[in-house]
Amino acid sequence: MTRATQRDQQAVSQFVERFGGILADTGMARMPARILAALLTTDSGRLTAAEIADLLQISPAAVSGAVRYLTTVQIVTREREPGSRRDVYRMRDNVWYEATFRKDQMLVMIDEVLSEGVDTLGPDTDAGLRLDETREFFRFCHSEMGSMLDRWRNHRQKWLEERS
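Every value quoted in this text rests on a predicted model; they were computed, and no experiment measured them. (Residues numbered from 1 in each chain as written. Predicted model: local features only at pLDDT ≥ 70, side-chain atom pairs only at ≥ 80, totals over all residues. Heavy atoms only, no water.)

Student: What is the right way to look at the pattern of salt bridges in this model?
Tutor: Pairs may arise between side chains of opposite charge once their charged atoms sit close together. Tallied over the entire structure, the rule returns 10 salt bridges. Here Arg 78 and Asp 87 are joined by a salt bridge, their closest N and O atoms 4.0 Å apart. On the accessibility criterion, Asp 87 (22% relative accessible area) is partly exposed. Of the charged contacts, one joins Asp 132 and Arg 135 as a salt bridge, the two residues approaching to 2.3 Å between their closest N and O atoms. Taken together, the residues span about one helical turn, with Asp 132 and Arg 135 both in helix α6 (residues 126-163) at a distance of three residues. (Salt bridge = Lys/Arg side-chain N within 4 Å of Asp/Glu carboxyl O. Buried < 20%, exposed > 50% of the residue type's maximum accessible area, 1.4 Å probe, protein only. Helix = DSSP H or I, 4+ residues; strand = E, 2+ residues; numbered from the N terminus.)

Student: How should I be thinking about helix α3 (residues 49-56) in this particular structure?
Tutor: Within an α-helix, residues lying three or four positions from one another point in the same direction, as the helix has 3.6 residues per turn. Of all the positions in α3, only Ile 52, Ala 53 and Leu 56 are classed as buried. Buried positions in α3, seen along its axis, are confined to an arc of 95° and lie on one side of it. Exposed residues pointing more than 90 degrees away from the buried face of α3 are listed as Ala 50 and Asp 54. Elements that come into contact with the buried residues of α3 comprise α1 (9-25), α2 (30-40), β1 (46-48), α4 (60-72) and β3 (87-91). Gln 57 lies just past α3 and shows a positive phi near 55°. (Arc of directions from axis to C-beta. Contact = heavy atoms within 4.5 Å.)

Student: Looking at this structure, how should I read the packing of α2 against α3?
Tutor: Put simply, α2 and α3 touch, their axes get as near as 11 Å, and they point 105° apart. Taken together, the axes of α2 and α3 lie roughly perpendicular to each other. Contacts between α2 and α3 involve Arg 34, Ile 35 and Ala 38 from the former and Ile 52, Leu 55 and Leu 56 from the latter. Split by residue class, the contact of α2 with α3 holds five nonpolar, no polar and one charged. (Axes fitted to C-alpha atoms, helices over the stretch in contact; angles between N-to-C directions. Parallel < 35°, antiparallel > 145°, perpendicular 65-115°, else oblique. Nonpolar A, V, L, I, M, F, W, Y, C, P; charged D, E, K, R; others polar.)

Student: How should the pairing of β3 be read in this particular structure?
Tutor: Regular strands place side chains that alternate from one sheet face to the opposite one. The pairing of β1 with β3 spans three bridges and is antiparallel. Looking across to β3, one finds that Leu 47 is bridged to Tyr 89. Of the strand pairs in this sheet, strand β2 (residues 76-80) and β3 are connected by five bridges, and their pairing is antiparallel. Counted as the bridge partner of Thr 77 is Arg 90 from β3. Hairpin remark: β2 followed by β3, antiparallel, with six residues in the connecting loop; positive phi at Gly 83, about 75°. (Pairing = 2+ DSSP bridges.)

Student: Honestly, α6 in this entry has me stumped. Any pointers?
Tutor: Look at α6: 53 Å from first C-alpha to last across 38 residues, which is about the 56 Å you get at 1.5 Å a residue. Of all bends in α6, the biggest is about 30°, found at Met 145. Buried within α6 are the following residues: Gly 128, Arg 135, Met 145 and Leu 149. Contacts from the buried residues of α6 go to α5 (95-121). (Expected span 1.5 Å × (residues − 1). Bend = angle between axes of the 7 residues up to and from the residue.)

Student: What should I look at first to understand the layout of surface pockets in this one?
Tutor: Once rolled over the atoms, a probe with the size of a water molecule shows which space is left empty. What the second largest pocket holds in volume is close to 340 Å³. The wall of the second largest pocket is formed by 13 residues, among which Tyr 69, Ile 75, Ala 99, Arg 102 and Lys 103 lie closest to the centre. Here the lining of the second largest pocket takes six residues from α5, the largest share from any one element. Per-class residue counts for the lining of the second largest pocket are nine nonpolar, two polar and two charged. (1 Å grid on protein atoms, 1.4 Å probe; cavity = no way out; pocket = protein on both sides within 12 Å on 5 of 7 lines; lining within 4 Å. Points joined across faces, edges and corners; volume = space filled by probe spheres on them.)

Such coordinate-based values are descriptive only and should not be taken to indicate function.
Below, the structure is given as C-alpha cells:
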C-alpha cells in the first residue's frame, strides 16, 4: 500500500467538510458525518477524541456525542491504545457492506408495517394503493439487495487482488 508522506492539510480539511456535508445532506447528523469523513481521511483509520477535536476544531463534548452515535450504529469502534488509558476510535472493516446489510434487514420490518397499513386502509383505496406500491418497491429492493451484496463481495475481492 502506498503511504502519503506529505499532504496539504487545508485541502484535506476542505474535503472533510465537503464530504461530511454530503453525508449530512443524506440524513446523517452533521457532527457524526464530519467525524466519519475525518476518519476516512486518516491512513490508519484511527483517531483519539483529542485528535478529532483538534482536527475538526470542535469541543470534546461534541466528539463524545458524535462518536457515541457512530458506535451505536456500528460504523465506528472504540478501542484502547495499548499501554494507555486513551480511547481510539476506528472505522469498522467493511463498514459500507455492513450498513447496507442492516438496511436489508430493515426492509423486512418496513414490509410488515406497510402490509398492516394496506390492510388498515383497504387495498382498493387511493391511500391503500399508494402504500401497496410503496411496499412493492421495498420488496423489490429487498429481493435485489442480496444479489447486489454478493456481487459487491466478488467485485471487492477482484479489486483488492488488482491493487496488490
